[in-house]
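Structural characterization, general
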Amino acid sequence: MADPLVDLGPFLHVERVVFLTGSPSKRDALLYVAEVTAAKFPPKDRAAFIKAIYEREDVTSTGIGSGVAIPHARLPSLPGCVISVALCVQGIDFASRDDKPVHILAMIAARDVDRSEHLRVLASMASRLQDAELRKRLLSARDAQAVIDILRS
């Protein structure tokens, strides 16, 4: 049986890795990371993506526990799947399943027509971030390339 984990490398870029300082609010963190994620989208798509992220979060928190949140949204006109990663050592009150602050926020944007790719990327990210040692290494990373290298390992 083939390895179910997708190589996240093609979806990551150093421009979409951010280090959040302080303890931002959930809403502020989502907005900032959504803006980073959508920075190269056409203006109409940027606004639609940010709206979709907030709407998805209103349904239920994407804080999956263990200090991790994976907000995600799909839009019809996106060029392809992209991932942004935000690290916040002090944590974000995210209304997570385990009521613990989020330190690692991985945001996924995908095209509507790529539902299966979106689900594989989401599952691969969630699976990687279940590893406590990997989370510790991410939070110790000093630059964006190190974050990408850790997520690809």
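Note that the structure is predicted; figures quoted are calculated from it, not measured.

1. What to know about the environment of E35
Mapped onto the secondary structure, E35 falls in helix α1 (residues 26-37). Relative accessible area serves as the criterion here: at 40%, E35 is assigned to the partly exposed category. Taking the C-alpha atoms as reference points, E35 and D143, 108 residues apart in sequence, are found 20 Å from one another.

2. A few points about unusual backbone geometry
Despite not being glycine, A95 has its phi angle at roughly 55 degrees, a positive value. Checked against the element boundaries, A95 lands in the loop between β5 (82-92) and β6 (102-111). A positive phi angle, near 60 degrees, is found at D99, a position not held by glycine. For D99, the location among the structural elements is in the loop between β5 and β6. For D99, a relative accessible area of 69% corresponds to the exposed category.

About the thresholds
Residues numbered from 1 in each chain as written. Predicted model: local features only at pLDDT ≥ 70, side-chain atom pairs only at ≥ 80, totals over all residues. Heavy atoms only, no water. Helix = DSSP H or I, 4+ residues; strand = E, 2+ residues; numbered from the N terminus. Buried < 20%, exposed > 50% of the residue type's maximum accessible area, 1.4 Å probe, protein only.

None of this, on its own, says anything about what the molecule does.
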